[in-house]
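# Architecture at a glance
If you want the building blocks of each chain, they are given just below.
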Amino acid sequence: MGDNMFSCSGSKTDHMDTGEKRFKNELCDESFSPNGNLKQHLRIYPGQKTFKCEACDANFGHNGDLRLHLMIHTGERPYKCEVCDASFTQKANLKQHMMIHTGEKPYKCKVCDASFTRKANLKRHMRIHTGEKPFKCEICDASLTEKAHLKQHMRIHNGEKPFKCEVCDKMFTWNRAKTEHMHIHTGEKPFKCEVCDASFIQKSNLKRHMRIHTGEKPFKCEICDASFTEKAHLIRHMRIHTGEKPFNCEVCDESFTRNGNLKLHMRIHTGEKQFKCDM
């Protein structure tokens, strides 16, 4: 076979004699002159990934895909934003990025007034209206609207706590929990009540506090008409109906529905007298 021939392939190597680029392929023994239609020939191999990256093991069905992939290795980003320093490997990504600067949001929700720069974001948003939760946990019955949320949920099962407090080394399952925890060290209370002067370290504490003002008691007893502002109060109340007394005295056989009652009882054994006369 002559030195000026191309073999059917998707990866390029230097021709030893002429310095030309030629294609090599293990699929067949066909070869082409430089003027031969190699691209047309490759169409007889549908589904074959004949273009191979020489830097890694990736294979591609089209030379254009290989060229795009090579930018990962070279770091090339030829499409540059004229407004900011962002650059991209694809023109389509630059076009989408420009919507940040122009404020254009062409993907509009037909149910509400929401609009988005990306079609994928609109698709994700629509799950609010449809109730679709396509990402299902294989361990429990939980299902979620986004893949990222499923990944976060799985930390409950695998015990992963990737977020570490740099002050006390405490670990957290979610970044938002770490952020709120940091307020303990800084003393910051960013969650402020709009009715009174109370402020809180955690958003959940503010939400619980607001029930004082609204009178909301969302935790209802299924046996009687009692309702409570906090779940912990409902759990404690249920012991009236179940007879459960989980707080046991280690000295005698007494048991109690509340930890506070156990502490009061322990004074019998310790002789502690909390209230002293100052006279």
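Predicted model only: the values in this text are computed from it and were never measured.

## Observations regarding the overall build of the chain
- Broken down by element type, the chain carries nine helices and 20 strands.
- Counting across all 279 residues of the chain, residues that qualify as buried make up 22%.

## A short note on the environment of histidine 185
- Relative to the assigned elements, histidine 185 resides in helix H6 (residues 175–186).
- When the C-alpha positions of histidine 185 and valine 167 are compared, they lie 7.7 Å apart, and in sequence the two are 18 residues distant.
- Discounting residues that sit within four places of it in the chain, histidine 185 has contacts with Cys165, Val167 and Cys168.

## A closer look at the environment of threonine 270
- Tracing the backbone shows threonine 270 in helix H9 (residues 259–270).
- A polar atom in the side chain of threonine 270 sits 3.3 Å from the backbone nitrogen of glutamate 272.

## Focus: unusual backbone geometry
- Backbone geometry at aspartate 169 places phi at a positive 70 degrees, although glycine is not the residue there.
- Here aspartate 169 shows up in the loop between strand E13 (163–164) and strand E14 (171–172).
- Since its relative accessible area comes to 47%, aspartate 169 is described here as partly exposed.

## Brief notes about the environment of threonine 130
- Assignment of secondary structure puts threonine 130 in helix H4 (residues 119–130).
- Within polar-contact distance, the side chain of threonine 130 engages the backbone nitrogen of glutamate 132 at 3.2 Å.

## Regarding the pattern of salt bridges
- Considering all chains together, one arrives at four salt bridges under this definition.
- Residues glutamate 272 and arginine 267 are paired through a salt bridge, measuring 4.0 Å at the closest nitrogen-oxygen approach.

## A short note on the side chain of arginine 239
- With respect to the element layout, arginine 239 can be found in helix H8 (residues 231–242).
- Setting aside anything within four residues of it in sequence, one finds arginine 239 in contact with Glu244, Pro246, Phe247 and Thr257.

## Section: the state of the cysteines
- Taken as a whole, this structure holds zero disulfides when the rule is applied.
- The cysteine cysteine 165 is free of any disulfide, with cysteine 168 supplying the nearest cysteine sulfur at 3.6 Å.
- Given the relative accessible area of 0%, cysteine 165 is considered buried.
- The thiol of cysteine 249 is unpaired, and the distance to the nearest cysteine sulfur, on cysteine 252, comes to 3.7 Å.

## Focus on the side chain of histidine 125
- Tracing the sequence through the fold places histidine 125 in helix H4.
- Histidine 125 has contacts with Cys109, Cys112, Ala114 and Phe116, leaving out every residue within four places of it along the chain.

## Considering H9
- Between the first and last C-alpha of H9 there are 16 Å, a value that for 12 residues agrees with the 16 Å anticipated at 1.5 Å per step.
- In the segment just after H9, glycine 271 is the residue with positive phi, at about 80 degrees.

## Examining helix H3 (residues 91–102)
- The terminal C-alpha atoms of H3, which comprises 12 residues, lie 17 Å apart, in line with the 16 Å expected from a rise of 1.5 Å per residue.
- Inspection of H3 places Leu94, His97 and Met99 among the buried residues, and these make up the whole buried set.
- Packed against the buried residues of H3 are strand E7 (79–80) and strand E8 (87–88).
- Looking one or two residues past H3, glycine 103 carries a phi angle of roughly 80 degrees, positive in sign.

## What to know about the confidence of the model for the chain
- When pLDDT is averaged across the chain, the result is 83; 82% of the residues are at 70 or more.
- Across residues 1–17, confidence stays below pLDDT 50; counting only partners more than four residues off in sequence or on other chains, it has 71 contacts.

What counts and what doesn't
- Residues numbered from 1 in each chain as written.
- Predicted model: local features only at pLDDT ≥ 70, side-chain atom pairs only at ≥ 80, totals over all residues.
- Heavy atoms only, no water.
- Helix = DSSP H or I, 4+ residues; strand = E, 2+ residues; numbered from the N terminus.
- Buried < 20%, exposed > 50% of the residue type's maximum accessible area, 1.4 Å probe, protein only.
- Contact = heavy atoms within 4.5 Å.
- Polar contact = N/O pair within 3.5 Å; in protein donor to acceptor, adjacent residues only side chain to side chain.
- Salt bridge = Lys/Arg side-chain N within 4 Å of Asp/Glu carboxyl O.
- Disulfide = S-S within 2.5 Å.
- Expected span 1.5 Å × (residues − 1).
- pLDDT = per-residue confidence, 0-100.

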